[in-house]
Amino acid sequence: MTEAHIRYFAAARQALRRSEESLSGADSLADIVKRLSTRDPAIARLLSHCSFLVDGTRREPDHAPLPDGAVVDVLPPFAGG
Amino acid sequence: MASRYQRHLSLPGFTPRHQERLDAAHVLVVGAGGLGAPVLTYLAGAGVGELTVMDDDQIDETNLQRQVLFTVADIGRPKAVVAAERVQALNPDITVHPLTTRFSPTTQSQMSDDLNLVVDCSDNLPTRYLLESWALNADVPYVWAAIGQYAGRCSVVLPHVGACFECVYGPAERVAEWPNGAQGGVFGPVCGVVGALAAAEAIKVLTGLGQPLVGRMAMVDAWSGDLTQIVIHPDPYCRTCQDRHLTDLA
Ligand SMILES: [Zn+2]
């Protein structure tokens, strides 16, 4: 069973009410986003805007399998100056 | 310039040659707002010989909560002009050029071709994508800082090394800020933390001192007090990076 370690940053921390968590049985990024989105409509909205890095490289939330132990960074984009 | 930079020259590793590199440098700072204030202040103080400050906005009262170069008396005046005046007064030995335009496909062709570094302190995504792509195509190192609510981020992109802004956020037409900048609010001191960090990175790249924040993104979360950094790799599908001839990080 694959496990993914998810790290939340900025507004994602407030929305998910945690800075990180591990999800087991996380087959793909699409699967992770779907599972998190069911928690709250506000989380679903936020995640639809977020950028996702898998082990440091940006990935679209697709169905490609994740490596076991993948670190997923959830980054809400902001551009304020 | 002897006594002004004495505290640089007392630093381990910092020699007169490093100070000369700063003096010979021309840096473009786009955005003279919350981030631009600390960036311009520290770069002028450090003795960066030539600074171009670009901002098409005027100062209003809501800026004063975080844009610490400005005072009540400046309301209504152009940010670039006032910022240039302030940092010129801080260091009369340098040259400061204010530009009261927005960075755009029109204005980018008018930019000086002797720039040694760009610091992106702008306040919107389209400017960031445009500026980054222009800087990297011109072989100019690009330091970016950005803020949103209680959080801030900063990274360095060298012409041929390191993941870029688009590598992190994806193609411009598919990114939207969350939450929207003006609606989301900004915790003032975050501008200072992240702006000072961007200034430090700019000085490091110009002098060659230290380890620049290349291939890494520093993140500040003032709400939790967390200071973190994550590794960022180039996105193989990034359009900005298509022509960069990337070399691997050492
Ligand atoms: Zn890129």
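Residues numbered from 1 in each chain as written. Chains lettered and ligands numbered in written order. Predicted model: local features only at pLDDT ≥ 70, side-chain atom pairs only at ≥ 80, totals over all residues. Heavy atoms only, no water.

### Notes on the coordination of the zinc ion
Residues and elements named next belong to chain B. Quick note on the threshold: Each metal's donors are the N, O and S atoms found within 2.8 Å of it, except that Na, K and Ca use a 3.2 Å limit; water is left out, so coordination can look incomplete. Secondary structure is summarised from DSSP: a helix means a run of H or I of at least four residues, a strand means a run of E of at least two, and numbering begins at the N terminus for each. Note on classification: 1.4 Å probe, protein chains only; a residue is buried when its accessible area is under 20% of the maximum for its type, exposed when over 50%, partly exposed between these limits.
Around the zinc ion, the protein supplies Cys164 (SG), Cys167 (SG), Cys238 (SG) and Cys241 (SG) as donor atoms, at distances of 2.2 to 2.3 Å. The motif formed by the donor residues of the zinc ion, counted along the single chain, is C-x2-C-x70-C-x2-C. On the criterion of sequence distance, the pair formed by Cys164 in the loop between strand S6 (151-157) and helix H7 (165-169) and Cys241 in the segment after strand S8 (226-231) is long-range, its members being 77 residues apart. Across the pair, Cys241 and Cys164 agree in class, each one buried.

### Here's the deal with the sheet that holds strand S5 (residues 70-75) of chain A
All names here are of chain A. Using the following cut-off: Here, a strand pair is defined by DSSP locating no fewer than two bridges between the strands. It only takes one pair of heavy atoms within 4.5 Å for two residues to be counted as in contact. Inter-axis angles, ranging from 0 to 180 degrees, are taken between N-to-C directions of lines fitted to C-alpha atoms, where helices are fitted over the stretch in contact.
The mixed open sheet is built from five strands, whose spatial order is S2-S1-S5-S3-S4. Looking along the sheet, the strands with just one partner apiece sit at the ends: strand S2 (20-24) and strand S4 (57-58). Summarising the sheet, strand S1 (residues 3-8) and S2 pair through five bridges and their orientation is antiparallel. Across the sheet, residue Ile6 finds its bridge partner in S2, namely Glu21. Sheet strands in contact with helix H2 (residues 29-37) are S1, S2, strand S3 (51-54) and S5, and its direction is about 115° off that of S2.

### Some details on the confidence of the model for chain B
Reading predicted coordinates in detail is not appropriate for stretches of low pLDDT. To keep it simple, the criterion reads: Confidence of the predictor at the level of single residues is given by pLDDT, which spans 0 to 100.
Taken as a whole, chain B shows an average pLDDT of 96; of its residues, 98% reach a score of 70 or greater. Across the whole predicted complex the pTM is 0.97, and at the interface the ipTM reaches 0.96.

### Some remarks on helix H2 (residues 16-24) of chain B
Residues and elements named next belong to chain B. Worth spelling out the cut-off: Throughout, the arc means the angular range of directions from the helix axis out to the C-beta atoms.
Within the sequence span of H2, burial applies to His18, Gln19 and Leu22. Projected onto a plane normal to the axis of H2, the buried residues spread over an arc of 100° and lie on a single side. Exposed residues on H2 whose side chains face more than 90 degrees from its buried face are Pro16, Arg17 and Ala24. Buried residues belonging to H2 abut helix H1 (6-9), helix H3 (36-46) and helix H9 (188-207).

### Here we look at the sheet that holds strand S3 (residues 95-99) of chain B
Residue and element names in this part refer to chain B. Taken in spatial order, the eight strands make up an open sheet running S3-S2-S1-S4-S5-S6-S7-S8, and their pairing is mixed. Each end of this open sheet is capped by a strand with a single partner; those strands are S3 and S8. The average undirected angle you get between the axes of adjacent strands in this sheet is 15°. Pairing of strand S1 (residues 26-30) with strand S4 (residues 117-120), which is carried by four bridges, proceeds in the parallel orientation. In the strand pairing of S4, Val29 is matched with Val119. H3 contacts S1, strand S2 (50-54) and S4 of the sheet and is inclined by roughly 165° relative to S1.

### What about the interface of chain A and chain B?
The condition that has to hold: Two parts lose some accessible area (1.4 Å probe) when they are put together, and adding that loss for both gives the buried area. One side-chain nitrogen of Lys or Arg within 4 Å of one carboxyl oxygen of Asp or Glu is enough to make a salt bridge. We define a polar contact as two N or O atoms separated by no more than 3.5 Å, with the added condition that, inside protein, one atom must be a possible hydrogen donor and the other a possible acceptor, whereas residues neighbouring each other in sequence contribute only through side-chain atom pairs. When residue character is reported, Ala, Val, Leu, Ile, Met, Phe, Trp, Tyr, Cys and Pro are called nonpolar, Asp, Glu, Lys and Arg charged, and the others, Gly included, polar.
Every contact between the two is made by 24 residues of chain A and, on the other side, 43 residues of chain B. Buried area between chain A and chain B, both sides added, is near 2500 Å², and the carbon and sulfur share of it is 57%. Considering only the side of chain A, the residues that lose the most area to chain B are Arg58(A), Phe78(A) and Gly81(A), jointly responsible for 28% of the buried surface there. One salt bridge connects Arg13(A) with Asp221(B), and the closest N-O pair in it is separated by 3.6 Å. Summed over the shared surface of chain A and chain B, the number is 15 residue pairs in polar contact (both at pLDDT 80 or more). Put simply, the parts of the chain that give the side of chain A that touches chain B at least two residues each are helix H1 (11-16), helix H3 (41-49), S3, S4 and S5 of chain A. Classifying every residue of the side of chain A that touches chain B by side-chain character gives 10 nonpolar, seven polar and seven charged.

### Regarding the packing of aromatic side chains
Residues and elements named next belong to chain B. Just so we agree on the cut-off: Any two of the Phe, Tyr and Trp rings considered here, Trp counted by its six-membered ring, make a pair once their centres fall within 6.5 Å; the pair's planes then place it as stacked at under 30 degrees, edge-to-face at over 60, or tilted in between.
Tallying each qualifying case throughout the model produces seven aromatic pairs over all chains. Each ring, one from Tyr150 and one from Phe187, has its centre 5.1 Å from the other, and the planes form 40°; the classification is tilted. Taken together, the positions of Tyr150 in the loop between strand S5 (142-148) and S6 and Phe187 in the loop between helix H8 (181-184) and H9 put the pair 37 residues apart, joining distant regions of the chain. Of the residues examined, Phe187 reaches a relative accessible area of 36% and is grouped as partly exposed. Feature note: the residues Tyr129, Trp144, Phe165 and Tyr169 constitute an aromatic cluster, connected by ring pairs.

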